[in-house]
Amino acid sequence: MEERITLYQFPRPKINLSFFCMKVEVFMRMTSIPYEIKEILNPGQAPQGKLPYIIHQGQKIPDSSHIIDYLSSHFSLTLDNHLTQEQLAIGHAVSIMLEERLRWCIVYSRWLDRRYWLSFKNIALNLVPVPIKTIFPILAIRNKRRIAATLNYNGIGKFSPEQIYTFGKKISIQ
Ligand SMILES: N[C@@H](CCC(=O)N[C@@H](CS)C(=O)NCC(=O)O)C(=O)O
């Protein structure tokens with residue numbers, strides 16, 4: 001059976017812009033798991049419509065945390081074995097804080113804050129192939145609407161930009 005993992009993630013400019021894709025790629029590197037990367041633009045082809053996902057032995061596995069649990073179990077990895085139950089619990093709490101709180105502050109700044117949108121737009125525009133560049137403004141508007149709706153539903157979108165960044169700074173690691 002093929003042990004090599006294929007990691008599907010967004011194209012990476014100089015740095016990886018996706019926290020979740022970066023998390024899995026860093027994990028692969030730290031554990032020296034054999035992997036190859038396929039960069040894709042459309043998360044629509046992922047099992048949950050989100051990136052990253054991996055394919056291993058014909059099986060598609062989505063979600064960064066699930067991927068790490070799956071690989072840890074499949075390859076009997078011992079990366080966290082030295083941690084106490086308390087340390088594991090703190091690590092879990094910090095991950096969720098970053099992924100479910102700080103993430104939305106960053107998503108807000110990239111897509112919905114005019115002050116930062118222009119520079120993020122230029123980075124994103126550089127990543128897409130020529131045919132997509134022409135429809136990029138339409139895709140961007142659609143994505144902005146979707147993100148605004150998500151942030152409103154989440155509640156964080158009800159706050160002013162400065163309040164949102166205050167939330168973000170509070171939980172940033174100084
Ligand atoms: N819980 C998922 C979150 C993945 C996620 O939100 N991925 C973002 C990129 S960082 C995505 O695919 N967004 C595209 C979209 O929602 O259309 C994980 O841990 O992998």
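Rules used in this analysis
- Each chain has its residues counted from 1, running along the sequence as written.
- In view of the model being predicted, local features appear only for residues whose pLDDT reaches at least 70, and side-chain atom pairs are presented and counted only at 80 or more, with totals across whole chains, interfaces and linings using the full set of residues.
- Derived side-chain values reflect all non-hydrogen atoms in the structure, with water molecules and hydrogen atoms excluded from consideration.
- The helix count covers DSSP runs of H or I at least four residues long, the strand count covers runs of E at least two residues long, and both are numbered beginning at the N terminus.
- By definition in these notes, contact holds between two residues if any of their heavy atoms fall within 4.5 Å.
- To measure how exposed things are, a 1.4 Å probe is used in the Shrake-Rupley method; for residues, cover is taken only from the protein chains shown.
- Charged residues are defined narrowly, with Lys and Arg counted positive, Asp and Glu counted negative, and His plus the chain ends left uncounted.
- A charge is said to be at NZ when it belongs to Lys, at CZ for Arg, at CG for Asp and at CD for Glu.
- Accessibility here uses a 1.4 Å probe with only protein chains present; expressed as a share of the type maximum, an area under 20% marks a residue as buried, one over 50% as exposed, and anything in between as partly exposed.
- Paired strands are those between which DSSP finds at least two bridges.
- Proximity criterion: a residue is near a molecule or strand once any of its heavy atoms comes within 4 Å of it.
- Distance and chemistry together define a polar contact, namely a pair of N or O atoms within 3.5 Å, with one atom able to donate a hydrogen and the other to accept it when in protein, and with adjacent residues in sequence counting only for side-chain atoms on both sides.
- Following the grouping adopted for this structure description, the nonpolar residues are Ala, Val, Leu, Ile, Met, Phe, Trp, Tyr, Cys and Pro, the charged ones are Asp, Glu, Lys and Arg, and the polar ones are all others, Gly among them.
- The convention used is that axes are lines fitted to C-alpha atoms, helices contributing only their stretch in contact, and that angles between N-to-C directions extend from 0 to 180 degrees.

J.: I'm lost on the overall build of the chain in this one. Help?
T.: A count of helical and extended segments in the chain gives six helices and four strands. Seen in sequence order, the chain has helices and strands lined up from the N terminus as β-α-β-β-β-α-α-α-α-α. Over its C-alpha atoms, taken along the principal directions, the chain stretches across nearly 45 × 45 × 30 Å. Of the contacts made within the chain by residues no fewer than 6 positions apart, 65% connect residues no fewer than 24 positions apart. When the accessible surface of the chain is split by element, carbon and sulfur atoms take 58% of a total near 11,200 Å². Each charge sign in the chain was given a centre, from 22 positive and 13 negative side chains, and these centres are 14 Å apart.

J.: Is there a simple way to explain the pairing of strand S1 (residues 5-9) in this structure?
T.: Two faces, one strand: in a regular strand the side chains alternate between the faces of the sheet. The buried fraction of S1 is high, at five of five residues. Taking every second residue as pointing to the same face, both faces of S1 are buried, with Ile5, Leu7 and Gln9 on one and Thr6 and Tyr8 on the other. Bridge count between S1 and strand S2 (residues 35-39): five bridges; the pairing is parallel. Pairing of Ile5 across the sheet is with Tyr35, part of S2. As paired strands, S1 and strand S3 (residues 53-56) are joined by three bridges and run antiparallel to one another.

J.: Is there a simple way to explain the site of the ligand in this structure?
T.: What surrounds the ligand is the set Phe10, Ser18, Phe20, Pro43, Lys50, Leu51, Pro52, Asp63, Ser64, Arg103 and Arg146. Asp63 has a polar side-chain atom sitting 2.9 Å from a nitrogen atom of the ligand. Separating an oxygen atom of the ligand from a side-chain N or O atom of Arg103 is a distance of 3.2 Å. Here the ligand loses 81% of its free accessible area of 510 Å² to cover by the protein chains. Across the shell around the ligand, the residue classes tally to five nonpolar, two polar and four charged.

J.: Whenever I open this one, the sheet that holds S3 confuses me. Can you help?
T.: By way of backbone hydrogen bonds, the strands of a sheet pair with one another, either parallel or antiparallel. Read across the open sheet, the four strands follow the order S2-S1-S3-S4; overall the sheet is mixed. Each having just a single partner strand, S2 and strand S4 (59-62) make up the two edges of the open sheet. The mean inter-strand angle of the sheet, taken between neighbouring strand axes irrespective of direction, is 25°. Packing of helix H1 (residues 19-31) onto the sheet brings it into contact with S1, S2 and S3, and relative to S1 it is tilted by some 155°.

Everything listed here is a matter of geometry and, on its own, says nothing about what the molecule does.
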